[in-house]
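Observations on chain architecture
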Amino acid sequence: MLRLIYRQRRRLIVGGFFGTLGLMMMVMDQFHVIGLSGEGLSGEGLSSEPAWIVAATLILTAILVWIGFMLAGAVIVLLLPNWRFMVEMIGIVMFANAAMNALFPWVFHIPFIGPLAPFILSMSFFALMYGELLDRFRLWLDYREQRSFVSPKSAQELWAELVPGAAPIEHHWDSLLYSMEPDPDDPDAYQVQYNHGVSLYEHQTMTFLQKDAPHYAKYHHVGEVDPKNRHLVEGTYEIRITPRAKGGCTVTFSDCRSLMLHRLALTVWFDDYLGDQTDHLRARHRGRSDWSLAGRFRRKIGQLS
C-alpha cells in the first residue's frame, strides 16, 4: 500500500501544490488582502499584525493545507485508482479558477457564461492534459526511466521469467503476453501480441539488439498501428540481472520511449510506470500483497479473458 502511494508521489505533490496555492489565493481574495508591508498585513476583515507573524501563519497554514491535500489524494489513489488523475486535476483547476478570479473577475459576471465558467475551465484543462484535443499538434515527449529491485531468485530463473522468448510464454512474468512468433526475415525479431481483454490485442515487432544470457538483454519494440503514428509506440527496453554475494539478484529495468503523445507521457510519468512494474514483480517474488497498478490491471485482464 505504501509503495503505491510512493509511486503516485508526483501527482500527489503536483495536485497538493496547485490545490494549496489555489485555496490560499481564494482565502486571500475572500478577506480582501491588500498587501504585506513592514507594518503588517492590511485589508478588509483583517486586523493589522506584525509582518513576521502573518508570514509565519500563512506559511504554516499552506503547509498544513498541502499535507491535507496529499492525504486526501492518497485516499483517492487507494480507494478509486481508476480516478487517480483527479488528484492533479482538482489541484490545477482550483489554481486556474483562483487565478482567473484574480486576473479576470468580470468573466464570472457574464450572464449565462459566468456561472458555468468553473465547469468550462475544468473541462478545458482535462481536454488539454488528457484528452485528444492536442494530438493533432504533435506535442510529442520522450520518456526515460530506470528502476531496480532485489529478487531472491537466481539469474537463470530471472532470465527465463523476464526476457521475452527465453522460455515458454506461460513462464513469462507479463501475463498480457499472448503470442510471440519468430520473424522469418530476421532471426533477432519477433511478432508479438499483448492481450488487453475483450478480444483487443496490441501488435508489436520486437527486435533484440543485445543478449548476454543470463545477465543482460536489450530489445527494440514498435507497435504495428497506422504507419503515420508507428513512432508513437516505439522505444527500447533493457533488463540487467546482477547476482548478489548474499544470494538473489538485483534486477534493473531501463525503459526509453520516443515521441509519445503528451497525454500518454503525462500518464506514465505521474504513475511512475516503470517503478510500479518493479513493485508488481517484487511483490510476486516475495509472496507479498500486490497493490501495484500493473498487478491490478493484469488481474482485471485475466478475469476478462
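All residue numbers refer to position in the chain's written sequence, counted from 1. Local features are withheld for residues below a pLDDT of 70 in this predicted model, meaning they are given only at 70 or higher, and side-chain atom pairs are given and counted only at 80 or more; totals for whole chains, interfaces and linings count all residues. Side-chain measures were taken over the full set of non-hydrogen atoms in the model, leaving aside hydrogen atoms and water.

Moving on to the packing of aromatic side chains. Centre-to-centre distance and the angle between the planes together describe a pair of aromatic rings. Between rings of Phe, Tyr and Trp, where Trp is taken as its six-membered ring, a pair exists when centres lie within 6.5 Å; planes separated by under 30 degrees are stacked, by over 60 edge-to-face, and by other angles tilted. In this structure the tally under the stated criterion is 15 aromatic pairs. Of the aromatic side chains, those joined through ring pairs into one cluster are F149, Y190, F208, Y219, Y237 and F253. Geometrically, a lysine NZ or arginine CZ counts as sitting over a ring once it is within 6 Å of the ring centre and also within 35 degrees of the ring normal. Geometry around Y6 places R9 over its ring, the cationic atom sitting 4.3 Å from the centre.

Let us now look at the sheet that holds strand β4 (residues 177-183). Whether parallel or antiparallel, the strands of a sheet pair through hydrogen bonds between backbone atoms. Reading across the sheet, the 7 strands line up as β3-β9-β8-β7-β6-β5-β4 and stay open at both edges, with antiparallel pairing between neighbours. The open sheet is flanked by β3 (140-151) and β4, the only strands paired with a single partner. Adjacent strand axes in the sheet meet at a mean angle of 20° when their direction is disregarded. Note on pairing: two strands pair once DSSP finds at least 2 bridges between them. To qualify as a helix, a DSSP run of H or I must reach at least 4 residues; to qualify as a strand, a run of E must reach at least 2; elements of each kind are numbered from the N terminus. With 8 bridges connecting them, strand β6 (residues 201-212) and strand β7 (residues 216-223) associate as antiparallel partners. Bridge pairing in β7 links D212 to Y216. Note on method: axes are straight lines fitted to C-alpha atoms, helices fitted across the in-contact stretch only, with angles between N-to-C directions ranging 0 to 180 degrees.

To count toward a patch, a residue needs a relative accessible area over 30% and no salt bridge; like charges are then connected within 9 Å, while nonpolar side chains (Val, Leu, Ile, Met, Phe, Trp, Tyr) are connected within 5 Å. Note on areas: Shrake-Rupley with a 1.4 Å probe; residue coverage comes only from the protein chains shown. Each salt bridge in this description consists of a side-chain nitrogen of Lys or Arg and a carboxyl oxygen of Asp or Glu lying within 4 Å of one another. A contiguous nonpolar patch, built from I59, L60, I63, L64, I67 and L71 and spanning about 590 Å² of accessible area, is present on the exposed surface. Among the structural elements, L71 can be located in helix α3 (residues 51-79). Since its relative accessible area comes to 54%, L71 is described here as exposed. Only protein chains enter the accessibility calculation, which uses a 1.4 Å probe; a residue whose area is less than 20% of its type maximum is buried, one above 50% is exposed, and one in between is partly exposed.

Time to look at the confidence of the model for the protein. What pLDDT conveys is the predictor's confidence in a given residue, as a value from 0 to 100. For the protein, the average pLDDT comes to 86, and 90% of its residues sit at 70 or higher. Put simply, strand β1 (residues 33-37) is where the protein has its lowest mean pLDDT, 46, and helix α6 (residues 155-162) is where it has its highest, 96. In this description, contact between two residues means that some pair of their heavy atoms is separated by no more than 4.5 Å. Taken together, the stretch residues 34-41 has pLDDT below 50 and engages in 23 contacts with residues farther than four places along the chain or on a different chain.

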